[in-house]
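Fold and contact review
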Amino acid sequence: MIMLSPLLHGAATAAAKGDSGGTALLSAPPPGGKGKDRNKNRKRHSQHERQNGTQTQHALRDLTQVLAPLQKAVTGTGALPYNWQAADGKAVTAGDLNAVRSVGDAPVGEEIAGPGERAPGDGRGGAPGDPRTDPADPADPPVVGAQPVPTPVPMRTTSPADFTLHWDDRNGPYAYDDLNERLRTDLRFSPPGYRYSTVSEVLAGSLPRGPFANRRCPMPVQDSGALVTPQGDRVRDVVDWFCLAPGDATGPWTPQGISGTWDSTAQGTAYDDTARAFVFSWHGPANDESRVTFLNEVGVGPFNHYQHVLLVNPFQSESGAVSFGPMRIHAGGVVWYHQYLLVADDNRQHPENNGILVFDLRDLFDLSLSAVSDIGTTGGPIGLRGGTYYTNGYRYILPLRGIWRPGITGVRCRSNSSPPCFGYLGLDRSTTPPSVLTGEWCDPREPTPTCRPAAGQAAPTGRVARYAMAPDAGVCDRGCLAYGADGSARATQAFTQPTPWTQGSVSWNGLYQFTMSNNRTATLGRRYEAVPGGQPTPHFAGRGVQDLYWHRSADPAQPPILWSLTEGEGVKNRILYGVDPWVR
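Let me begin by describing the structure that accompanies this report. No experiment lies behind these values; they were computed from the predicted model shown.

**Structural notes on the side chain of threonine 502**
Tracing the backbone through its elements, the reader meets threonine 502 in strand S24 (residues 502–508). A distance of 3.5 Å separates polar atoms of two side chains, one belonging to threonine 502 and the other to glutamine 497. A distance of 2.9 Å separates the side chain of threonine 502 from the backbone oxygen of threonine 499, its partner in a polar contact. Once residues lying within four places of it in the same chain are set aside, the contact partners of threonine 502 are Tyr424, Glu440, Trp441, Gln497, Phe514 and Thr515.

Shown next, in the form of structure tokens:
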């Protein structure tokens, strides 16, 4: 490993190409949108020289076969700081990361003047070397396939009454707790007494073969990657990112929600484990299947291993045995709190699951330990057939525990109406007790809009609602959503959102963050900072951006990093990435 480290560090350093400049205020939408008379970000006429990134990516991937056997021995469960691959082994602050140089490149925050363009700091506008100053500039050339970016509007208080939830822990006449316990018995696990697998054990199960995520791979920060455009726009203040393995970067599965162990507990580890990990949710084709993925924060060189877990719906079969089927949900958001995963669903193909679904990680089963399971067969039905349990190739399954449902069930949800849509989830640990946000994805386009304007709104944007969680201390049930004596969970606040097409939201000390994307590939998404009643502040976000997650630090004085993920296809377009939203 000593001989490999310099090579991997060099490749990782080359991957850290500059896209982490200052926070640029987005003051105009792309061509075709409204507000063309407002200031636009200055085009950067001279792009950073294209790196030989594809070859680097392939070389790193080829090294996986060498690294994988070593990774099992050296990988722990403690978290490493951002840019932990630095040669001196010291943590690099988020601010320092913005000045990391690529091989043969200029500092990340430095503007390079093209022909006929004035250099930053030449005395004709803007602070010296300050890329945040964006004078007015002619409109960029149209981007094929782009939808107009909506003009954000202030958040307005609205009634939270539609967001009252009721707990449902039964599948027909059978309680999910009983079904899961019977399933645990029917699967005939060995050794006897096996109850469930911890997240650390699940992550160890991905070794030595993988899959592996490539940390700070170069392609997302090159032209047309998830974080940049050929016109020079880019996501600012990016401190870290992951590319997925090629098999997961393409195909029928689409990532949606993101959370992690910094949501699970105050100390940033899994509830009953030492693991530090991300978790992100996916939906399959037509929302007919769903899964979650655990990604280890610790890696060897730039490689971090991860493991998929299939979400399943247990039921009693006609034979009387317990079986399971796929969870037919959109899985638009996920929050990991204590030992629970809360998953948002606004699935219009299967409206019976609209709400917040609850999965207990103490039901996470490793079917390689089952005497009656087949985890090698793919392409067939999921569940019990002929005395054997099939999972379509998945080693791990996580069965449902219950659903928090709105008052009206079984019909398609509609934003700004009843029942509300549960499109995403985001945890806020700056409140006491912690609280969770959920909101609506709203598409106003004719002829089949999914939302209408709320009362007093000129255009529809959907709503965001907040629920209190159970305190960290002590034991909680039902996913730890706080509920009253009547068993109902009631939203404590609700607001209209800044824009339609909202993909995720979190808040911290009263400041809300929203992501917006109405396409996967044509343009960068948007991130909006907002407070109720104030004009939102826009920033660029990844192309096809989705949900949000606060990755906190063991140092309480260090502000949290804001992570998201993108849903586009291809290694360069489907990534997890973190930004420092506090840079000013």
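**Focus on the side chain of arginine 466**
Inspection of the secondary structure assignment puts arginine 466 in strand S21 (residues 463–468). Only 2.9 Å separates the side chain of arginine 466 from the side chain of tyrosine 512, close enough to count as a polar contact. In this structure, arginine 466 is in contact with Asp428, Thr431, Ser435, Val436, Leu437, Ala491, Thr492, Gln493, Ser507 and Tyr512, ignoring residues within four places of it in sequence.

**Structural notes on the pattern of salt bridges**
In the structure shown here, the tally under the stated rule is 19 salt bridges. A salt bridge links arginine 466 to aspartate 428; the shortest N-O distance between them is 3.2 Å. Of this pair, arginine 466 sits in strand S21 while aspartate 428 sits in strand S19 (residues 424–428), and the two are 38 residues apart along the sequence. Taken individually, arginine 466 and aspartate 428 each receive the classification buried, so the pair is uniform in this respect. One salt-bridge network, held together by shared partners, links Asp177, Glu181, Arg184, Arg195, Asp363 and Arg401.

**Description of the state of the cysteines**
The tally for this structure, following the rule as stated, stands at four disulfides. At a sulfur-sulfur separation of 2.2 Å, the disulfide partner of cysteine 413 is cysteine 421. One quick way to see it: the torsion about the S-S bond of cysteine 413 and cysteine 421 is about 105°, and its sign makes the bridge right-handed. Overall, cysteine 413 belongs to the buried group, its relative accessible area being 5%. For the chain, the bonded cysteines pair up as 1-2, 3-4, 5-6, 7-8 when numbered in the order they occur along the sequence.

**Let's talk about helix H5 (residues 176–186)**
Of the positions making up H5, those classed as buried are Tyr176, Leu179, Asn180, Leu183 and Arg184. Along the axis of H5, the buried residues cluster in a sector spanning 140°; they form a single face. Arginine 188 occupies a position one or two residues after H5 and carries a positive phi of about 50°.

**Some details on the sheet that holds strand S17 (residues 388–390)**
Here we have three strands laid out as an open sheet, ordered S15-S17-S16, and mixed in their pairing. Every other strand in the sheet has two partners, leaving strand S15 (373–374) and strand S16 (383–385) as the edge strands with one partner each. Two elements, S15 and S17, share two bridges in a ladder whose sense is parallel. The partner of aspartate 374 across the bridge, within S17, is tyrosine 390.

**Topic: the pairing of strand S12 (residues 340–345)**
Counting buried residues along S12, six of its six residues qualify, which places the element largely inside the surrounding structure. Residues Tyr340, Leu342 and Ala344 line one face of S12 and the alternating positions Leu341, Val343 and Asp345 line the opposite face, and both faces are buried. In the sheet, strand S11 (residues 333–337) pairs with S12 via five bridges, with the strands oriented antiparallel. The residue bridging glycine 333 from the neighbouring strand is alanine 344, located in S12. Hairpin connection of S11 to S12: two residues between the antiparallel strands, including histidine 338 at a positive phi of 55°. Relative to strand S13 (residues 355–360), S12 is paired through six bridges, and the arrangement is antiparallel. Looking at the pairing, leucine 342 lines up with valine 358 of S13.

**Observations regarding the pairing of S13**
The buried fraction of S13 is high, at six of six residues. Two elements, S13 and strand S18 (residues 396–406), share four bridges in a ladder whose sense is antiparallel. When the bridges of S18 are listed, leucine 357 appears paired with isoleucine 403.

Calculation notes
- Residues numbered from 1 in each chain as written.
- Predicted model: local features only at pLDDT ≥ 70, side-chain atom pairs only at ≥ 80, totals over all residues.
- Heavy atoms only, no water.
- Helix = DSSP H or I, 4+ residues; strand = E, 2+ residues; numbered from the N terminus.
- Polar contact = N/O pair within 3.5 Å; in protein donor to acceptor, adjacent residues only side chain to side chain.
- Contact = heavy atoms within 4.5 Å.
- Salt bridge = Lys/Arg side-chain N within 4 Å of Asp/Glu carboxyl O.
- Buried < 20%, exposed > 50% of the residue type's maximum accessible area, 1.4 Å probe, protein only.
- Disulfide = S-S within 2.5 Å.
- Arc of directions from axis to C-beta.
- Pairing = 2+ DSSP bridges.

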